[in-house]
Amino acid sequence: VRSVSGGESDEYAAINSMLDQINSCLDHLEEKNDHLHARLQELLESNRQTRLEFQQQLGETPSDANT
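Residues numbered from 1 in each chain as written. Predicted model: local features only at pLDDT ≥ 70, side-chain atom pairs only at ≥ 80, totals over all residues. Heavy atoms only, no water.

Asker: Describe the overall build of the protein chain, naming the residues involved and giving the relevant values.
Answerer: Secondary structure summary: the protein chain contains one helix and zero strands in total. In the protein chain, buried positions account for 0% of the 67 residues. Roughly 6300 Å² of accessible area belongs to the protein chain as shown, and the carbon and sulfur atoms make up 54% of that amount. (Helix = DSSP H or I, 4+ residues; strand = E, 2+ residues; numbered from the N terminus. Buried < 20%, exposed > 50% of the residue type's maximum accessible area, 1.4 Å probe, protein only. Areas by Shrake-Rupley, 256 points an atom, 1.4 Å probe, with all protein chains shown as cover.)

As structure tokens, then:
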């Protein structure tokens, strides 16, 4: 087993610190991605509802005009 010198130990600490920062950034990006995905799902559902309502109105308008 080889002992780790002070310089190597500092390098490992610096690498660990960078990896922690990268991990934190990735976690933050994943959170933002999840939030955006949820918002997109809401928007899609809202658009579906609006389209259905619009189609229903178009379907009702000609019959209303005939009465």
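Asker: I'd like a description of the pattern of salt bridges, backed by residues and values.
Answerer: Taken as a whole and assessed by the stated rule, the structure comprises two salt bridges. Notably, a salt bridge pairs Arg 39 with Glu 42, separated by 3.6 Å at the nearest N-O pair. With Arg 39 and Glu 42 both in helix H1 (residues 6–66) and three residues apart, the pair spans about one turn of that helix. Here Arg 48 makes a salt bridge to Glu 45, at a shortest N to O gap of 3.3 Å. On the criterion of helical spacing, the pair formed by Arg 48 and Glu 45 is a turn pair, its members being three residues apart in helix H1. The exposure class assigned to Arg 48 is partly exposed, which follows from its relative accessible area of 40%. Overall, Glu 45 belongs to the partly exposed group, its relative accessible area being 37%. (Salt bridge = Lys/Arg side-chain N within 4 Å of Asp/Glu carboxyl O.)

Asker: Outline a negative patch on the surface, listing residues and values.
Answerer: Residues Asp 27, Glu 30, Glu 31 and Asp 34 make up a contiguous surface patch of negative charge. On the secondary structure map, Glu 30 appears in helix H1. (Patch = residues over 30% accessible without salt bridge, like charges linked within 9 Å, V, L, I, M, F, W, Y side chains within 5 Å. Lys, Arg positive; Asp, Glu negative; His and termini not counted. Charge placed at Lys NZ, Arg CZ, Asp CG, Glu CD.)

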